[in-house]
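Here's the letter readout for the chains.
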Amino acid sequence: MIDEKFENLKNILKGYGSVAVAFSGGVDSTFLLYAAHEALGEKAVAVTSVSPLLPEREKNETKSFCERLGIRLLIVESNELEVEGFSENPTNRCYLCKKDIFGRLIEIAHKNGLNEVAEGSNIDDEGDYRPGLMAVSELKIKSPLREAGFNKAEIRELSKKYDLPTWDKPSFACLASRVPYGERISEEKLSMVEKGEQELFELGFKQFRVRIHGKLARIEVSPDELDRLLEGDMRQKVHDDFKKLGFTYVTVDLLGYRTGSMNEVIKKS
């Protein structure tokens, strides 16, 4: 069944003739890029948007993956903080961001003679608050994983089968998602979040978020990693290191990591 889905996905991609894949280095876009490369060869091109919203670690991983498979990678320099209304962090922030980024990707695709632009959302993304999908629809960006009916578990399963480095990679979202709606987004806050999350990564935590509320850090780690985070020496080290990054207070979310925790305010209103 899942192998049939993969063949269907490749047939969908072949139907494009050529494609620019919006490539962030995450689980979904990596799998989509691999499938596009399998289906279209050199007619499948990766396009990565480099901005203050993308951590340096993620940018380096996109380059490494493309080099490994011999996929052409195009870099689009952008700064969503310059997009009108984005920095004010409204609830449709993701729409403003995606509208700008995909508009740039369409231009890049046209300049390089590519027929379509594709992005990596899957059917599981249809359940949460995802204003960015409205921009995808308006700009007629292709969503082949959703069209082929893939969910996240299936993507991970096939990613493991095809030896993709992201098969067990923790979920990731852009750094702007760490700032509560209505609180202004700045490069300083994004930098603090990125450095805080890099710290947790280097300490060996697998799934985490650093949510920033003013100068307060609210750390989310997966429930099975909470005990390790709260151990005496580890707790002290994280606290001290985060204070050096500019946080006034360092807290831990007792519910642990969960996707879209900033959207909980919207759902209750």
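Up top is the structure.
Residues numbered from 1 in each chain as written. Predicted model: local features only at pLDDT ≥ 70, side-chain atom pairs only at ≥ 80, totals over all residues. Heavy atoms only, no water.

### Digging into the pattern of salt bridges
To keep it simple, the criterion reads: Counted as salt bridges are all cases of a side-chain nitrogen of Lys or Arg within 4 Å of a carboxyl oxygen of Asp or Glu. The numbering of helices and of strands both runs from the N terminus, where a helix is a DSSP run of H or I of at least 4 residues and a strand a run of E of at least 2. Think of it in three bands: with a 1.4 Å probe and only protein chains considered, a residue is buried below 20% of the maximum accessible area for its type, exposed above 50%, and partly exposed in between.
Under the criterion given, the structure shown has 22 salt bridges. The salt bridge involving lysine 5 is made with glutamate 154; its shortest N-O contact spans 2.9 Å. Taken together, the residues span a long stretch of sequence, with lysine 5 in helix α1 (residues 2-14) and glutamate 154 in helix α7 (residues 152-161) at a distance of 149 residues. Neither residue differs from the other here; lysine 5 and glutamate 154 are each classed as buried. With a shortest N-O distance of 3.0 Å, aspartate 28 and lysine 152 are connected by a salt bridge. Here aspartate 28 is found in helix α2 (residues 27-40), whereas its partner lysine 152 is found in helix α7, with 124 residues between them in sequence.

### Topic: helix α4 (residues 93-111)
Rules: Every helix has an expected span of 1.5 Å times one less than the residues it contains. When checking whether two residues touch, look at their non-hydrogen atoms; a contact exists if any pair is within 4.5 Å.
If you check α4, its first and last C-alpha atoms are 28 Å apart, about what 19 residues at 1.5 Å a residue would give, namely 27 Å. Of all the positions in α4, only Arg93, Tyr95, Leu96, Cys97, Asp100, Ile101, Phe102, Leu105 and Ala109 are classed as buried. On its buried side, α4 packs onto β1 (19-22), β2 (44-50), β3 (73-77), β4 (116-118) and α5 (132-138). Count one or two residues on from α4 and you reach glycine 113, which has phi positive near 70°.

### Describing the state of the cysteines
Using the following cut-off: A pair of sulfur atoms, both from cysteines and within 2.5 Å, is called a disulfide here.
Evaluated as defined, the whole model comprises zero disulfides. No disulfide involves cysteine 94; its sulfur sits 6.2 Å from that of cysteine 97, the nearest cysteine.

### Points about the nonpolar core
Nonpolar side chains in soluble globular proteins tend to end up buried together. Under the convention used in this document: Buried Ala, Val, Leu, Ile, Met, Phe, Trp, Tyr and Cys residues that are joined via side-chain atoms within 4.5 Å together make up what is termed a nonpolar core.
Within the largest apolar cluster, 45 residues are counted, with the highest numbers of intra-cluster contacts made by Phe86, Leu105, Leu200, Phe205, Val238 and Phe242. The element that contributes the greatest number of residues to this core is α4, accounting for seven residues. In contact with phenylalanine 86, not counting residues within four places along its chain, are Leu53, Glu80, Leu81, Arg93, Leu96, Cys97, Ala176 and Ile185. Of all hydrophobic cores here, the second largest spans 30 residues; its members include Leu13, Ala36, Leu40 and Leu158.

### Digging into α1
Along an α-helix, residues three or four apart share an orientation, since each turn contains 3.6 residues. We apply this condition: Relevant arc is that of directions from the helix axis to the C-beta atoms, nothing else.
End to end, α1 covers 18 Å across 13 residues, agreeing with the expected 18 Å (1.5 Å per residue, within 8%). Within the span of α1, buried status applies to Ile2, Lys5, Phe6, Leu9, Lys10, Ile12 and Leu13. One face of α1 carries all of its buried residues, which in axial projection span an arc of 155°. Looking at the buried positions of α1, the neighbouring elements they touch are α2, α6 (144-147) and α7.

### Observations concerning the sheet that holds β2
Convention followed: Between any two strands, at least two bridges found by DSSP are needed for them to pair. A fitted line through C-alpha atoms serves as each axis, taken over the contacting stretch for helices, and the angle formed by two N-to-C directions is quoted from 0 to 180°.
With respect to topology, four strands assemble into an open sheet ordered β3-β2-β1-β4, the strand pairing being parallel. Of all the strands in the sheet, just β3 and β4 have a single pairing partner and so form its edges. Pairwise comparison of adjacent strand axes, ignoring direction, gives a mean angle of 30° for this sheet. One ladder, built from five bridges, connects β2 with β3; its direction is parallel. Its bridge partner lying in β3, serine 49 is registered against valine 76. Lying on the sheet, α2 is in contact with β1, β2 and β4; it crosses β1 at an angle near 165°.

### Thoughts on the pairing of β1
The criterion, for reference: Orient the strands so they point away from the viewer; a crossover is then right-handed if the path from the first strand over the helix to the second runs clockwise.
Because side chains alternate across β1, one face comprises the buried residues Val19 and Val21, and the other comprises Ala20 and Ala22, equally buried. Of the pairings in the sheet, the one linking β1 to β2 comprises four bridges and is parallel in character. The residue bridging alanine 22 from the neighbouring strand is valine 47, located in β2. Following the chain from β1 across α2 to the adjacent parallel β2, one finds a crossover that is right-handed. The sheet contact formed by β1 and β4 spans three bridges and is parallel. Across the sheet, valine 19 pairs through a bridge with glutamate 116, a residue of β4.

### A look at the pairing of strand β6 (residues 216-221)
Burial within β6 is extensive, with five of its six residues counted as buried. Counted along the chain from strand β5 (residues 208-213) to the antiparallel partner β6, the turn is two residues long, and its residue glycine 214 has a positive phi close to 65°. Alignment of β6 against strand β7 (residues 249-252), held across four bridges, turns out to be parallel. Its bridge partner lying in β7, leucine 216 is registered against tyrosine 249.

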